[in-house]
Amino acid sequence: MMKNLLCVMKYYLDTNEGPAFPKFDHQMASLKRMGFDVYFLGILKNTIYLVHAEEKIKLVSFALKKIPIVNKLVLFNALYRAIITLVKRKLKFSYVYMRTMPAVPPYRKALSLLKESGSSIIVEIPTYPPEYSHQKFGRFGYNTFFKISNKYETSGSQYVDLYALNGKYSDSYNDRPAINFTNGIDADACPVREYKPIDDHIHVLGIGKIQKAHGYDRFINGLVEYYHLSGNPSRKVVFHVVGYDADGTLPKLQDLVRINNLDQYVLFEGAKFGKDLEPYFSTCAVALAPLAISRTGFTTLSALKTKEFISRGIPFIIAGDDPNLPRDKNWFLQLGDDETPINIENMIHFIDTTIGDKTIVQEMHRYAGLHLSWDMQFEKIFTTLDELIDSTRKGESV
């Protein structure tokens, strides 16, 4: 019999209200392929809905204020209240897969009621240790917010069956069992790129939430050297920055571009989603994966955007070590994870060696489907969960 599963994350049903997160779509598509009957919580017009296929059931409403940090509290409070409402309406789920979110007062009650109703609970920590993800806020209000959140999270951890950790290895978290995973991709959901250059310039794509770990300043500083210090640039290089600011990095990049008179070479395109992204993938010769992951405290990475690049079939530049990348392929240019400017001439040489290879796109897409899918990650996570549950039952029967 098909088992139902509830996904809990900050998921906006209308991208005009909040950013799209393809990762969540890819995860839920994978869970459906694995045979789960998937439900999830969706946010629309200050209301939390339970979404199943084409059906939406209203659960709770909330009122936003004028203070951003207060709005975060209000939203997460509403998400946990929605879970409480579900249980009180006698809706039951075999499994709950929850992306960790700031824990506010209803968090513990929501998890305890889910557990009482018979759910097995998995909580995903997308950046482990979680302190690294909190560093990016760097403001007193947010740091205080997360310190308080950690207290509520710890009190609710007793109801978690398994933590799924992306990052540093650990077999436990908050004194509960844990398993490590890496980000996956739904290759079938990623349009395969068809390269269609619009001119003889080299167009470079930087995409996603704009934050310091992406190291776009390294690339811009490379352009400074290329245009202003080399004296004779061989080709025109244009950098398209697509995304919204995540941690105060965007205005710093804009200042860097303005100070160095690079406005015609670095274009800030704003946030784009869905079909609005496709022209950038088709016209750019190369994309940028993270170039400064060490700024977060990590020495290796498993960036979701890298997997998207492979699935789409666009060559990319990356700094540092990603254990998921094949070592025998010419799809990417790997650089040192340091603070030096990117050597633009080296990048141009890399692009010239990949553009003429017509087999790369399909080869990359096939590799993503075979080796980088969410199916593989979830198989590992749910196998571990089922083993824990079986072990607990055997212990109780003795």
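Residues numbered from 1 in each chain as written. Predicted model: local features only at pLDDT ≥ 70, side-chain atom pairs only at ≥ 80, totals over all residues. Heavy atoms only, no water.

**Q** Describe in detail the pairing of strand 11 (residues 237–242), supporting the description with residues and values.
**A** The two faces of a sheet get side chains in turn, since along a regular strand they alternate between them. For strand 11, the buried fraction is high: 6 of the 6 residues fall into the buried class. Of the two faces of strand 11, the one holding Val-237, Phe-239 and Val-241 and the one holding Val-238, His-240 and Val-242 are both buried throughout. Pairing analysis gives 6 bridges linking strand 10 (residues 202–207) to strand 11, with the strands arranged parallel. If you follow Gly-206 over to strand 11, its bridge partner there is Val-241. Sheet topology places strand 11 next to strand 12 (residues 266–270); 4 bridges connect them, and they run parallel. Of the residues in strand 12, the one forming a bridge with His-240 is Leu-267. Chirality of the crossover, the property in question, places the unit of strand 11, helix 7 (residues 249–259) and strand 12 among those that are right-handed. (Buried < 20%, exposed > 50% of the residue type's maximum accessible area, 1.4 Å probe, protein only. Helix = DSSP H or I, 4+ residues; strand = E, 2+ residues; numbered from the N terminus. Pairing = 2+ DSSP bridges. Right-handed = clockwise from strand over helix to strand, strands pointing away.)

**Q** A description of the sheet that holds strand 6 (residues 120–128) should follow, citing residues and the corresponding values.
**A** With respect to topology, 9 strands assemble into an open sheet ordered 4-3-2-1-5-6-7-9-8, the strand pairing being mixed. Each having just a single partner strand, strand 4 (55–61) and strand 8 (172–173) make up the two edges of the open sheet. Seen against the sheet, helix 2 (residues 68–88) touches strand 1 (4–8), strand 2 (37–44), strand 3 (47–52), strand 4 and strand 5 (95–99) and runs at an angle of roughly 115 degrees to strand 4. Lying over the sheet, helix 3 (residues 106–116) contacts strand 5 and strand 6, oriented at roughly 140 degrees with respect to strand 6. (Contact = heavy atoms within 4.5 Å. Axes fitted to C-alpha atoms, helices over the stretch in contact; angles between N-to-C directions.)

**Q** A description of the pattern of salt bridges should follow, citing residues and the corresponding values.
**A** In a structure, side chains of opposite charge can pair up when their charged atoms sit close to one another. Counted according to the given criterion, the structure contains 14 salt bridges. A salt bridge links Arg-218 to Asp-338; its shortest N-O distance comes to 2.9 Å. Taken together, the positions of Arg-218 in helix 6 (residues 216–229) and Asp-338 in the loop between strand 15 (332–335) and helix 10 (344–355) put the pair 120 residues apart, joining distant regions of the chain. For Arg-218, a relative accessible area of 3% translates into the label buried. Across the pair Asp-321 and Arg-327 runs a salt bridge, and its minimum N-O distance is 2.5 Å. Taken together, the shared-partner salt bridges connect Lys-23, Arg-99 and Glu-124 into one network. (Salt bridge = Lys/Arg side-chain N within 4 Å of Asp/Glu carboxyl O.)

**Q** Account for the state of the cysteines, with residues named and values stated.
**A** Evaluation of the coordinates by the stated rule reveals 0 disulfides. With no disulfide of its own, Cys-7 lies 18 Å from the sulfur of Cys-190, the closest cysteine sulfur. Judged by relative accessible area, which is 1%, Cys-7 ranks as buried. Cys-284 takes part in no disulfide bond, and the closest cysteine sulfur, belonging to Cys-190, lies 17 Å away. (Disulfide = S-S within 2.5 Å.)

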